Amino acid sequence: MIRLLLLVSVLIAGLIFGTQFADQQGYVLISVADKTVEMSLTTLVLCVVAIIALFFLLEYLLKRVLSLSTYTRGWFVGRNLRKARFNTFQGLVTLLEGDWKKSEKLVLKGAKFNDFPLLNYLAAAEAAQGRKDIIKRDNYLQLAAEQEHSELAVTLTKAKLQINQGEFEQALESLQTIKQDHPKNPVLIDLLKTTYVALGDWQSLKNIIPRLSKANLIDEHEAHSLQERSECGLMADIAINKGSAGLLEHWHTLSRKSRKQVVLIHCLIKELIGRKADSEAYIVLRETIKKQPDNRLIELIPTLNLPDYYPAILLLKEQLKYDEQNSVTQSALAQIYMRNKNWQEAREHFEQAVAINPTISDYSYLAKVLDKQNRKQAAADVSRKALSLVGND
């Protein structure tokens with residue numbers, strides 16, 4: 001616009017001054033080397049105006065050509081970007097459908113002209129693992145890691161893929177690199193839970209249970225279950241490394257609430273039995289059963305290897321005074337009598353147990369006792385009853 005105004009101004013000035021000096025055109029002589037050019041002043045002004053106009057015209061044409069080139073280039077760039085986005089979309093869809101080979105091909109094609117190829121490389125890594133090509137998976141993860149602001153996304157994806165592949169130690173190593181900078185990340189915490197369980201790192205699992213609950217990754221029931229599992233796992237580790245003495249020492253460091261949980265008591269007894277500390281196990285069972293009788297604990301009494309079963313017999317008889325219809329207590333007492341070869345007492349209590357709640361194991365025990373009493377026909381009849389229960393199961 002400014003150039004056009006300038007050109008018009010020159011033309012107007014030429015017309016004004018040309019009219020005033022029409023009779024006095026003047027004389028212009030231009031000499032260059034041995035060449036001379038003569039013209040009137042008016043002619044010179046017109047030539048200058050024409051040259052300026054030609055210059056403006058050339059500039060306009062040049063801009064048009066350049067803008068057309070830019071538009072063409074932009075059209076091709078836009079076309080490539082649209083195609084990249086379409087390939088990425090199709091690749092992600094086929095990834096969800098489980099077509100690993102096609103998905104890998106599409107997302108890689110989409111990565112070529114994509115402004116942010118991070119998602120493409122992560123999807124390609126998952127597709128490569130789907131094809132069991134771990135080398136390519138790691139190559140794609142490396143390409144993803146080279147993108148800006150990719151550390152968290154790449155590490156979490158890498159850990160997920162390693163967990164799915166059963167590479168739990170490598171997954172834990174990956175997660176440790178971002179654990180300090182992103183301690184509240186819910187995906188990180190959930191992956192750590194899976195890894196700790198797989199590796200049997202019970203203390204670490206126990207430590208993150210509050211964070212799992214706070215992030216709403218587990219409900220109250222699952223939190224309680226994980227707490228029990230981690231405590232039982234810790235007791236198993238301590239039993240292996242420190243024996244029954246270390247195990248009992250650890251047990252007494254737990255809160256009173258924890259020491260009342262039947263599942264944890266059950267784990268403690270099993271570990272003590274495994275370390276041949278049956279007498280210590282019986283003491284824990286006796287004190288617990290007196291305060292809170294539980295069939296899961298009563299079932300453990302016959303499994304104990306005690307020098308004297310008389311205290312255990314008294315304990316179970318005392319429980320029967322409060323609940324004579326408890327088949328588990330009847331069976332536990334019968335098993336102890338059977339171990340002591342007191343066949344008559346064993347038979348009576350096994351018969352009461354199966355009368356209350358017939359089970360395959362109690363029928364099998366009863367058949368064995370009857371056989372020891374030389375009651376072959378009765379033993380055969382009881383064995384058939386046991387087989388009938390197997391058929392019903």
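Worth saying up front: this structure is predicted, and the values here are computed from it rather than measured.

Rules of the game
- Residues numbered from 1 in each chain as written.
- Predicted model: local features only at pLDDT ≥ 70, side-chain atom pairs only at ≥ 80, totals over all residues.
- Heavy atoms only, no water.
- Core = buried A, V, L, I, M, F, W, Y, C linked by side-chain atoms within 4.5 Å.
- Buried < 20%, exposed > 50% of the residue type's maximum accessible area, 1.4 Å probe, protein only.
- Contact = heavy atoms within 4.5 Å.
- Helix = DSSP H or I, 4+ residues; strand = E, 2+ residues; numbered from the N terminus.
- Disulfide = S-S within 2.5 Å.
- Salt bridge = Lys/Arg side-chain N within 4 Å of Asp/Glu carboxyl O.

Participant: Could you give me a rundown of the nonpolar core, with the residues and numbers involved?
Facilitator: Grouped together as the largest cluster of nonpolar side chains are 50 residues, with contacts concentrated most on M235, L285 and I301. Apart from the residues within four sequence positions on either side, M235 is in contact with L247, H250, W251, L264, C267, L268 and E271. Judged by nonpolar contacts, the second largest core, of 21 residues, contains I178, L188, I218 and L226.

Participant: Which residues make up the environment of P183, and what values do they have?
Facilitator: Here P183 shows up in the loop between helix 7 (168–179) and helix 8 (186–199). Put simply, P183 and R211 are 28 residues apart on the chain and 9.2 Å apart in space, counted from C-alpha to C-alpha. Setting aside anything within four residues of it in sequence, one finds P183 in contact with I189 and R211.

Participant: Quick rundown of the state of the cysteines? Include the residues and the values.
Facilitator: Cysteine pairs can be linked by a disulfide, which is a covalent bond between their two sulfur atoms. Per the stated rule, a full pass over the model turns up one disulfide. The disulfide bridge from C232 ends at C267, spanning 2.0 Å between sulfur atoms. Its S-S torsion of approximately 85° makes the covalent link between C232 and C267 right-handed. With a gap of 35 residues between them, C232 in helix 10 (residues 220–251) and C267 in helix 12 (residues 262–274) connect regions that are remote in the sequence. Of the residues examined, C232 reaches a relative accessible area of 15% and is grouped as buried.

Participant: Got a sec to walk through the pattern of salt bridges? Specific residues and values, please.
Facilitator: Taken as a whole, this structure holds 12 salt bridges when the rule is applied. For E222, the salt bridge is made with K193, and the minimal N-O distance between the two is 3.5 Å. Pair noted here: E222 is in helix 10 and K193 is in helix 8, with a separation of 29 residues, a long-range link. According to the relative accessible area criterion, E222 is partly exposed, its value standing at 29%. By relative accessible area, which is 14% here, K193 ends up buried. Taking the shortest distance from any N to any O, the salt bridge between R296 and D294 comes out at 3.0 Å.

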